[in-house]
Amino acid sequence: MRRFAWSMLLPALGLILSVTPRLADAAGKTTLVVMIRGLDNPYHANYAVGAKELGKKLGLPVDVLTSEANSQKQFADLKAEIAKTGGNMVVSCDPNEAPDVVPIAKMLEAAGAYWVNWWNKPPDVKVASYPHWVSHVQFDAVGQGYYNAKELFKTFKTPNQGKIIAIQGMLANNAAIGRFQGLQKALKENPGVQLLQWESAEWDTTKAYNATKALLAAHPDVDGVWCANDNMAMGAIQALKEAGLAGKVLVTGTDGNPEAFDAIKAGYMVSTEFQDSRYQAQFGLTMALAAKEGKLDVKSLPSKYRSWMIPGVKVNRDNVDKFVDEYIKSMPKYDLSNFFANWAGEAP
Amino acid sequence: MTTATAGPGRLTPFRERLPGPVLATGAWFQRTGIAAQLLTLAIVVGIFAMGTGGKYLAWSNVQVILSLSAIPAIFAVGLHPTIVAGGIDLSLQGVASLIAVFVGFLLRNQFNSHDLGLWIILVAMLIGAIAGAVNGLLNAALRIPSFIASLGMGWILYGLAVFMGKAVNVPLLDTRIGNFASANVVGIPLIAVVAAGFTAAVQLVEDRTRLGRYMYAIGGDEVIARQAGINLGVMKVALFTAAGIIYGLASLLLTCRLGISTSRMGLTLLFPTVTAVAVGGVALTGGIGGAKNAALGALIVTALNDGLVLMHVSPYIQQAVNGVVLIVAVALTIDRRKLGFIK
Amino acid sequence: MSTGTGSQEAILALRGITKTFPGVAALDRVELVVHRNEVVGLVGENGAGKSVLMKIMIGLLQPDEGSIGLDGRTVTLKSPSDAIRSGIGMVFQEGALVPNLTVTENLFLRHENSFSKLGFFSLRSMRQAARELLAELDLDIDVDLTAADIGPAARQMVEIARLLWLSRLYGRDNPVLILDEPTTVLADKERETLFRIMRELKKRASVVFISHRLQEVVENSDRICVLKDGKNVAEMGTSDARITHIEQLMVGHTFAADRFHEDEQGARTGRELLRVENLSRAGAFEPLHFTIGEGEIVGLIGLVGSGKEEVCRCITGLERPDTGTIILGGRKLRTGSPDAAVRAGIGHIPIDRRNEGLALMMSVAQNVNLLVLDQLKTAGLLNPAQERGNAQRWVSECQIKTPSLSALCANLSGGNQQKVVISKWLSSKVRLLILDHPTRGVDVGAKDEIYKLLRRLARQGIGMLIMCDTLEEDIGLSDRMLVMKDGRLVREVDSAPQEKPSPQSIITLIV
């Protein structure tokens, strides 16, 4: 009998504890929640930086949920967060995989929480089906791949005539797919440039290093290496250095990691596109807050404003110094007054 | 090889006639069994040489294979003692990431004023040793299965690495070790020579010292080894610590060669290392395999993947090929008698 | 046949040894004296205290009372290393060699320092020493093979050689080697080698020889000590030892001259149970026919390689015959399927009961009930009361000695484990039992119980095909014998009670 009583005590305690903050939060401040992959990636870590700054400015609590590239953990953490805040929250989410948005949308719909999604969404899922899903925003990945490819082609001995190899990201990611499509678009426009071979390095520096080294052995006479992000570009640069080609055969990336700017300045890298995840977090959270407070009428938004794209900041050898001063050495003040000021096109 | 028909303890008549040293070498080969691995390597090379019209055998490509297989080989040499002794050390992801972060912190870089120089070698070995010792104690003193203990430690260390590294990638300004790792000596990648020498040294310890001998004894039958008076606890801690030190060195080399310290560095290392060890002929059930097996396995895996790239095999298929190779390698090397039940 | 008595100097003297475990007096003032250059046979049933005494002799256990005298001086053996240093070593039944290490490595395990310089040892000098060591005993074993490769006989020799070397290392001139059931895993020729080694050993060591096989103990020892229930009951020189007398001393009651209970061998009903026609398997045995009647015990006799094991494997479904049919109770049996054989009512008591007959880590009840779980269900789920009931019934019927129904089978003695295996089949209403050396590793008392059990099964109409450890057992238990040689069934011999053929007449048929 005693054992039974003890075994009932813990769940009872847990129940009480879980309900208490609920009561507190439901009456109190809205929690700002960012869902990211992990703090080990500078890009994702900056989501948290932006969110925390916004939280400080508005005097609201901030929670950071990291999925560690595990979709199940993502869902579990979100459920726990909903329980903790009682639904009194707004979310800016960068989901682990595109299909994850559906369970997330349902959970947040049921909890009555407004949210904004970044990057990954299956094309057939409609944002308009979920009244609390304010927007799906992605960077123009195609545009990114295209811009970097064009910059790379310009550096060939004969501009727009040459051979390249490509290092792709995780093949199931929207970003990877989009950027590679951008590359292909640039290739189509420049028939003088030939893509010899590509490998997937899954956004990882070491893998990109290995892949580039192997590809260089197969194709010793390439003129450029197109990489889908900066992490991989770093690995590629190292492989080029060992082959004695760094500075002669250039590399592109995307994301805007600090070391990328150094590489551009040093002449190993051509260009990258900076995605300011601090801006993304603040933007997403502000938009969701506006919806929650009634300042933004989600139902009346046309579909092109429910799922859309924004540009990143293009950085190359010409503007890198200015850019570093403005964006890296400090966090710029973001103008979040007109949400659709940077609208760059509808996304599927 | 069985002697049931030839009388107790005697070989078949053919083998009897071979001279002593040949028999001894043969037995040595048999125990560490690299004959099969050399054959596999020959087959792999042959297939790709034909498939790429000889491009595979170009010296530049051979250099790439040697260069890319060296560090995985050292990792594999680090992993295999714990496997031979009947356990496994899965913490290398965490150790590698942690070392990477320390290297980024302590070697000359643009974010702080530390400039440890070549002392970083000792630091890497020390961190690896401590991590390994903790693994060993968890296994030996607390009797936690090494699979779980080391995997858990790996994640703890990885989390520590991420926490310390704060997601910043640190380019390394002190490039001495990096240059060492990329240099060539008479055309052969220096790092491959280092890896080969290191493998030979470890193999020597395994063959001719008590540490090595007892490692095989424990892997063969732990109960009997204990009855014979071997101190299991001391041995296990020693082996895990050795593994940690080796991981430390390999991680240091890898970080320096990449020229940049990333806290994610370890994540992609575990699978290829386990595959390398299994392909090399180190049985996951223990008691069989030496350093040269592990290193040779890494060489074979690297040669295989390089060949796949050279032959333009779709990257989608490459990962699957690696998975198949792992399964086949394990299936061929494990001693099913030791598995009471397959879990 | 007795060997000459050794010198009268005592090298090892255990006196007044008493050891109690909670609730059990394992040893009660036991005495054992081993003289120099002598082979002492130690016999007794399971539970007589032999293993406890041995463990005390090698330092694994400490006696509560009593003393151990070595060469006249009293010693305390706190661990096996102490014992080795005092020159006392044991070759265990299970073998203590590391399977993946070579003979050389096993011989010198833990003592490589004798061969090392600066921490590295010389493989060449170790191998040389190993070869010399084995040559001393005239053993022809390749030192570079691994322990797993050389077979159980050679492994025992290596262990003996190791013990000799160790005692020499510690400067002991007349070590005492304890051999625990060394002949259980050996074939006939290998046994001869072992006995030769023992005779060699006698010149420079003493041996304590433990075995269930009284004949070989008598033939190869100078003296015999008999233990029963933790006490000495007798000690005698082997020249005047009679096996029946020793057996009597071991179990405390006289065995009927008829140990196989031939008086219980009944007349057969005549109804045919099993018919085997034209059965053959390439490389194993040629087409043969035989029948087994209900309640009949048929012995299958032959040397290793005569094909008898394969015949049994075909009947139990473990192998598929190439030609022929097996008909059980009038129905043709689907070959090559153990499942079909079990469902038809064929049971198999395997030779390796620990690995193949029992789930050692499961309880007595679980093992007994294993084949009849379907019958012990209520509403589709196993009913614990029914399980207990079934298990209890068979435990009583077969007189299985176990502390409880939920005791693990691993903890039972060999004889009781065998009885659990038999009950498992009985519980499933088996009709034909194939018994592969059913009393191997079982002590005399339990053997007797098993013989009685088999007779009872025969009375119930169960047919049996049996292969025994000794020819005497085959002859004594069988109603009829099938003699196989070189893959052919050469003769059927009747073995009716009162008209049993002699072992000699059978031997001429099988060799």
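These numbers were taken from a predicted model, which means no experiment stands behind them.

Where do I start with the overall build of chain A in this structure?
Check the secondary structure of chain A and you find 11 helices and 12 strands. For 348 residues, the compact-globule estimate of 2.2 N^0.38 gives 20 Å, and chain A sits close to it at 22 Å. Overall, chain A is about 80 × 50 × 40 Å in size when its C-alpha atoms are taken along their principal axes. Burial status across chain A gives 52% buried among its 348 residues.

Could you clarify how one ought to interpret the environment of C:Arg343 in this entry?
Residue and element names in this part refer to chain C. Here Arg343 lies in helix H10 (residues 338-344). A tally of 14 C-beta atoms within 10 Å means that Arg343 is categorised as partly exposed. Measuring from C-alpha to C-alpha, the distance between Arg343 and Leu333 comes to 9.9 Å, with 10 residues separating the pair along the chain.

How should I be thinking about the interface of chain A and chain B in this particular structure?
You'll often see interface size given as the accessible area lost when the parts meet. The interface of chain A with chain B comprises 27 residues on the first partner and 23 residues on the second. Secondary structure elements with two or more residues in the side of chain A that touches chain B: helix H2 (42-58), strand S7 (193-200), helix H7 (205-218), helix H8 (230-242) and helix H9 (258-266) of chain A. Counting residues per element, the side of chain A that touches chain B draws most heavily on H7(A), which supplies 10 residues. When grouped by side-chain class, the residues that make up the side of chain A that touches chain B number 10 nonpolar, 9 polar and 8 charged.

Explain unusual backbone geometry to me, please; I cannot follow it from the model alone.
Peptide bonds are, in most cases, trans, and in most cases residues other than glycine have a negative phi. Residues and elements named next belong to chain C. One non-glycine residue, His437, lies in the positive phi region at around 50°. Looking at where His437 falls in the secondary structure, it is placed in the loop between strand S21 (432-436) and helix H15 (444-459). Of the residues examined, His437 has 18 C-beta atoms within 10 Å and is grouped as partly exposed. The phi dihedral of Asp486 falls on the positive side, at around 50°, and the residue is not glycine. As for its placement among the helices and strands, Asp486 is situated in the loop between strand S23 (480-485) and strand S24 (488-494).

I tried to follow the sheet that holds strand S3 (residues 89-93) of chain A on my own but got confused; where do I start?
Two orientations exist for strands paired in a sheet by backbone hydrogen bonds: parallel and antiparallel. Residue and element names in this part refer to chain A. Strand order in the open sheet formed by 6 strands is S2-S1-S3-S4-S5-S11, and the pairing between neighbours is parallel. Lying at the two open borders of the sheet, with one neighbouring strand each, are strand S2 (62-66) and strand S11 (307-310). The average angle at which neighbouring strand axes cross in this sheet is 20°, direction not considered. Pairing of S3 with strand S4 (residues 114-118), which is carried by 4 bridges, proceeds in the parallel orientation.

I'm lost on the domain arrangement of chain A in this one. Help?
Residues and elements named next belong to chain A. The domain architecture assigned to chain A consists of domain 1 (2-139 + 276-312) and domain 2 (142-274). If you average the C-alpha positions of domain 1 and of domain 2, the two centres end up 34 Å apart. With 11 residues of domain 1 at the contact, the number on the domain 2 side is 10 residues. At the level of elements, H2 and strand S5 (133-139) are the ones that each hand at least two residues to the side of domain 1 that touches domain 2.

Whenever I open this one, helix H10 (residues 210-220) of chain B confuses me. Can you help?
For an α-helix, the turn length of 3.6 residues means that residues three or four places apart are oriented alike. Of all 11 residues in H10(B), 10 are buried; the element is thus mostly enclosed. Along H10(B), the residues classified as buried are B:Arg210, B:Gly212, B:Arg213, B:Tyr214, B:Met215, B:Tyr216, B:Ala217, B:Ile218, B:Gly219 and B:Gly220. Packing partners of the buried residues in H10(B) comprise helix H4 (59-84), helix H9 (190-208), helix H11 (222-227) and helix H12 (232-258) of chain B together with helix H3 (103-107) of chain C.

Looking at this structure, how should I read the arrangement of the chains?
Across the 2 pairs of chains in contact, the largest number of contacts is found between chains B and C. Considering only C-alpha positions, the minimal separation of the non-contacting chain A and chain C is 24 Å.

Is there a simple way to explain the nonpolar core in this structure?
Generally speaking, soluble globular proteins have nonpolar side chains that are buried together. Core analysis: the largest hydrophobic core is formed by 281 residues, its most contacted members being A:Trp115, A:Ala236, A:Val251 and B:Ile74. Top element by residues in this core is H12(B). It accounts for 17 residues. Both domains that furnish three or more residues to this core are identified here as domain 1 (2-139 + 276-312) and domain 2 (142-274) of chain A. One finds C:Leu358, C:Met464, C:Cys468 and C:Met481 within the second-largest nonpolar core, a separate group that totals 63 residues.

In this structure, what is going on with the sheet that holds strand S14 (residues 285-293) of chain C? I would like to understand it.
All names here are of chain C. Read from one edge to the other, the open sheet built from 4 strands follows the order S14-S13-S16-S17, with strand pairing classed as antiparallel. This sheet does not close on itself; its edge strands, each paired only once, are S14 and strand S17 (331-332). The pairing of strand S13 (residues 272-281) with S14 spans 6 bridges and is antiparallel. Counted as the bridge partner of Arg275 is Thr291 from S14. Strands in contact with helix H9 (residues 308-315) are S13, S14 and strand S16 (323-328); relative to S13, the strand with the most contacts, it is inclined by about 120°.

I tried to follow the packing of helix H14 (residues 414-427) of chain C against H15(C) on my own but got confused; where do I start?
Helix-helix packing is characterised by the crossing angle of the two axes and by the distance between the axes. Residue and element names in this part refer to chain C. At their nearest, the axes of H14 and H15 sit 9 Å apart, and the two run at 20° to each other. The pairing of H14 with H15 is recorded here as roughly parallel in orientation. Here the hand of the crossing between H14 and H15 comes out left-handed. Here Gly415, Asn416, Gln418, Lys419 and Ile422 of H14 come into contact with H15, specifically with Ala446, Glu449, Ile450 and Leu453. Split into classes, the residues belonging to the contact of H14 with H15 amount to 4 nonpolar, 3 polar and 2 charged.

Teacher, can you tell me more about the confidence of the model for chain B here?
Detailed reading of the predicted model is not advised wherever pLDDT is low. Residues and elements named next belong to chain B. Confidence along chain B averages 84 in pLDDT terms, with 88% of residues attaining 70 or more. The low-confidence segment residues 1-13, where pLDDT is below 50, has 30 contacts with residues more than four positions distant or belonging to other chains. Here the complex is predicted with pTM 0.74, and the ipTM for its interfaces comes to 0.80.

I tried to follow the pairing of strand S18 (residues 346-349) of chain C on my own but got confused; where do I start?
In summary, the side chains of a regular strand alternate between the two faces of the sheet. Residue and element names in this part refer to chain C. With burial as the criterion, each face of S18 is covered, one bearing Ile346 and His348 and the other bearing Gly347 and Ile349. Bridge analysis of S18 against S21 gives 4 bridges, and the strand direction is parallel. Its bridge partner lying in S21, Gly347 is registered against Leu433.

Would you take a moment to explain the environment of A:Glu346 for this structure?
Residue and element names in this part refer to chain A. As for its placement among the helices and strands, Glu346 is situated in the segment after helix H11 (320-328). Spatially, the C-alpha atoms of Glu346 and Glu151 are 25 Å apart, while their sequence positions differ by 195 residues. Discounting chain neighbours no more than four positions away, the residues touching Glu346 are Lys304, Ser307 and Trp308.

Any chance you could explain the confidence of the model for chain A here in plain terms?
Summary statistics for chain A give a mean pLDDT of 88 and a share of 95% for residues scoring 70 or more. Every residue in residues 22-26 of chain A is under pLDDT 50, and counting partners more than four places away or in other chains gives 7 contacts.

The rules behind each value
Residues numbered from 1 in each chain as written. Chains lettered and ligands numbered in written order. Predicted model: local features only at pLDDT ≥ 70, side-chain atom pairs only at ≥ 80, totals over all residues. Helix = DSSP H or I, 4+ residues; strand = E, 2+ residues; numbered from the N terminus. Rg over C-alpha atoms; globule rule 2.2 N^0.38 Å. Buried ≥ 20, exposed ≤ 12 C-beta atoms within 10 Å, placed from the backbone. Contact = placed C-beta atoms within 7 Å. Nonpolar A, V, L, I, M, F, W, Y, C, P; charged D, E, K, R; others polar. Pairing = 2+ DSSP bridges. Axes fitted to C-alpha atoms, helices over the stretch in contact; angles between N-to-C directions. Domains from an automatic or database assignment. Core = buried A, V, L, I, M, F, W, Y, C linked by C-beta atoms within 7 Å. Parallel < 35°, antiparallel > 145°, perpendicular 65-115°, else oblique. Left-handed = near helix turned anticlockwise from the far one by under 90°. pLDDT = per-residue confidence, 0-100.

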